[in-house]
Amino acid sequence: MRLNQHLRNHTTRQSGNLAVLTLYAAVAALYCAGANAQEQTQAQGSAAASEGANVLKAVEISVKRTRSSTRLTAQEVQALLPGTNPIKALQTLPGVSYQTADPWGNNEQNASLFIHGFSTQQLGYTLDGVPLGDQQYGNYNGLSPQRAISSENVRGVLLSSGAGDLATASTSNLGGTIDTFSSDPLAQRRVSLEQTLGSYSASRTFVRYDTGAFGEGNSAYVSFMRQNARAWDFNGKQGGNQLNGKFVRTTGDDKLTLYFNYNDKTEPNEDSIVRSNTETYQPATRPFFYPDLAGYLAYLNPTTSATPAAEGNNYRNYYSAAQRTDWLGYAKYDLRLSERLAWTNQAYYHRDQGAGLVAGPIGVAGLPGLFGVYFPNQNLKQVFGNSGIALRTTEYAIHRGGVLSRVDAELDDHHVQAGFWLEQNRSSAYRRWYGFDANNPTSPYDKPTGRPLFTQYGSEIDNKVVQLYLQDAWTVQPGLTLQAGFKSSLQFAQGRFPVQQKAGSITGNSPALPEGSIDTKRWFLPQLGAVWDWTPRDQVYANVQKNLRQFVTYGAGGLSPWSLSSQAGFDLFKATAKPEESVTYETGYRVKRRADGGVLTDIDAQLSIYHVDFHNRLLQITSTPVISSINPGNPILANVGGVSTNGVDLSGTLRFGSGVSFYNALSYNRSVYNSDYQTGASGATVATHGKQVPGSPQLLEKFVLTVPVGLVEAQLIGDYVGKRYATFTNDKQVSSYFLTSLSLYARLPMLTGDMLKDAKLRLTVTNLANKTGDLNVVVGSAANTYNTYPIPPRQAYLTFSTAF
């Protein structure tokens, strides 16, 4: 029977005790009254029940977890703005720095995430256990959470900010994991509707139909989402359609789950602003011209097709966009073999077809030199359709499938878990150039069609991953648990270029891009931890864990050995380079106290202290003067040795009578390089020793103030991000910022009756004070240059939701 109880509480245990302290503010803020919490639980139906997700009861400090973990419930994910990307919802948590240009967090080109000094591609991501890759903007091994599931179907999000669980299916989780979970179908038949309207003609529509229970233990739902939102500073419309479906069949203690996701979206992109000592023109934004083709043709030099010289590298393109179409599905079976033994198996498949588009002038950024290689002694304007515009595409494809298997065994005071993850991923990336006919122009929403003028290169990579793990949780005595285990991570990657670049087409390019295989095997990555319930209200935990990030298997640039400029460079990298590795030490104290009388009723607090030794840190350094060049050279990969990180998170919630609460989180992080490094052939020393990792702020401060007034709850959210260095040598930096947002949430009992159920209205205002400045920074140079994106202006959104 102990295994039965353990398995029922498995997800809650995995969610971690840190949720008590860091997220109670949002819980109290949005569903502070017991009646409201009960109503919300009923609305969640069986999905909430299966998770133990009663909002107030979810706050328990006795959860056995040896590492810092924080859980967001479905309600908390939707609290910032209904439909929010699950990753963006984490920005209120301690130690998390997240920036993106759109309020939903859907735009992937300009998203920036740092957690305890680790960037987006150094974390692990899953949906219901299915790996989502490393979230690199250029597709190659996964998809973003918002493309894998509609936000309204998310049951919860689990952030492990120090070190992820050994079972996490990821090859990139150096600095922690973000696990997203889908909701289960409801037990009763129900149609849910949610409509959001807002600034810049934004519209988001979500409809979900739950079948309720039918047959012998069956239930299912299907949902549809459509979004259309114009960018705040140019006429580009972000949007698309998404379809989700989930089927659950329960037979006794066994459970079959089938999940399907289809997502088709287009994101018009804005170019980042180039910052350097030589760029005198510094615009507030770099919007594209589309659909004003006549204006753009007048903007270009009629002879050379160059942009105005005064604008330098901050010129404007006609349009730019990211197109992504994804199919994702899995089948999962939870089998109870005995009272003390359970076996879970899951198979998944993901297919992606995508393209990154840039339509811009043929006379800038070294393009005449590139085009001259392919069309020597020809009139380039005539070659490209007499418009002076070329359409550059990077066309992606992903075909990946895998299997996950886990066995749970209860052996007296030991809970033993063992499992494996297998995946094969075939990905490709082709860089193509098309002409642009001014009499028959294309748009950022058109799929690339027709025959390209030329294909600059094409990569094909076949990557196989094997991950094994074994761990034991030993209950030494009531309240004290020791956990130990290890995982093995193996990667077998083969890359080739069916289409090679021509010599001289880009900076640093040799006659042929590198081909070959790299196999990486790390058999022993250990973990040791403990959690002690010192008293029923006090808990101490400690954990030490080793992780690695396997080499990136992307053939179109980035931090990948297949993006190096020569076969000799690749062979040297293969023989000498080592994957990035980290050893994370963390300890913390969690406390929950109820005040005896007075205005203050409850106090929750947490203190988390961590240290990370990061070895074999690889830097991607641009080989061109501009980081975001339209024709970038092969990147330089530099091993800068180690990085040492020390940090502390302190957060707490004060709850007062009548549902008023105040949550505050203060985080300090110092991540510095341990040594200088030498550049390529010249051997020049770059002074990075003691320098802060750029892009990662040292200081973060967040707060959430919640005040209920009658049927309305008002929530004020503050987010302070300290200064961030913008180069590896820290000679440039971007200033700190402080942004606030406001949310007003109201139930509408006057609209609730026989037809409509649970009618609600939410008003969300972002950037309440309408602040300006640099939101996020793009790093890629040792010194002198970096890029930024601006802070979006104040925006407002109104959401009506109901069910029937």
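Overview of the structure. Remember, predicted model here, so these are calculated numbers, not experimental data.

What counts and what doesn't
- Residues numbered from 1 in each chain as written.
- Predicted model: local features only at pLDDT ≥ 70, side-chain atom pairs only at ≥ 80, totals over all residues.
- Heavy atoms only, no water.
- Helix = DSSP H or I, 4+ residues; strand = E, 2+ residues; numbered from the N terminus.
- Contact = heavy atoms within 4.5 Å.
- Areas by Shrake-Rupley, 256 points an atom, 1.4 Å probe, with all protein chains shown as cover.
- Core = buried A, V, L, I, M, F, W, Y, C linked by side-chain atoms within 4.5 Å.
- Buried < 20%, exposed > 50% of the residue type's maximum accessible area, 1.4 Å probe, protein only.
- Pairing = 2+ DSSP bridges.
- Phe/Tyr/Trp six-rings, centres within 6.5 Å; stacked < 30°, edge-to-face > 60°.
- Lys NZ or Arg CZ within 6 Å of the ring centre and 35° of its normal.

### Some points on the overall build of the protein
Counting secondary structure elements, the protein contains 11 helices and 39 strands. Pairs at least 24 apart in sequence give 71% of the contacts found in the protein among residues at least 6 apart. Roughly 29400 Å² of accessible area belongs to the protein as shown, and the carbon and sulfur atoms make up 57% of that amount.

### Quick look at the nonpolar core
If you look at the biggest cluster of nonpolar residues, it comprises 45 residues, and the most contacted ones within it are Leu90, Leu113, Ile178 and Tyr677. At the level of secondary structure, the elements contributing two or more residues to this core comprise strand 2 (96-99), strand 3 (112-115), strand 5 (124-127), strand 7 (154-160), strand 15 (319-338) and strand 24 (600-615). The residues touching Leu90, leaving out its near neighbours within four places in the chain, are Leu72, Val96, Val157, Leu159 and Ile178. Core analysis: the next-biggest nonpolar cluster, separate from the first, contains 34 residues, Phe234, Tyr296, Leu380 and Phe384 among them.

### Description of the sheet that holds strand 2
Ordered in space as 2-3-4, the three strands form an open sheet in which the pairing is antiparallel. Whereas interior strands pair on both sides, the edge strands pair on one side only; in this sheet they are strand 2 and strand 4 (118-119). Note that strand 3 and strand 4 share two bridges and pair antiparallel. The residue bridging Phe114 from the neighbouring strand is Ser119, located in strand 4.

### Some points on the pairing of strand 17 (residues 389-411)
When you tally the buried positions in strand 17, you get 18 out of 23 residues, the bulk of the element. Bridging between strand 16 (residues 341-361) and strand 17 involves 21 bridges; their strand directions are antiparallel. By the bridge assignment, Val358 is partnered in strand 17 with Arg392. Where strand 17 lies against strand 18 (residues 414-435), 22 bridges are found, and the strand directions are antiparallel. Each bridged residue has a counterpart across the sheet, and for Gly402 the counterpart in strand 18 is Glu423. Linkage of strand 17 to strand 18, two consecutive antiparallel strands, is achieved through a turn of two residues, within which Asp412 is found at a positive phi near 55°.

### Describing the packing of aromatic side chains
Evaluation of the coordinates by the stated rule reveals 30 aromatic pairs. For the pair Trp562 and Phe570, a centre-to-centre distance of 5.5 Å together with 50° between the ring planes defines the contact as tilted. The exposure class assigned to Trp562 is buried, which follows from its relative accessible area of 2%. One aromatic cluster is present, built from ring pairs that chain together Phe234, Phe288, Phe289, Tyr290, Tyr296, Tyr299, Tyr318, Tyr319, Phe436 and Tyr445. Looking at Arg286, its charged tip hangs above the ring of Tyr315, at a distance of 5.4 Å from the centre. A cation sits over an aromatic face here: Arg351 above Trp327, 4.9 Å from the ring centre.

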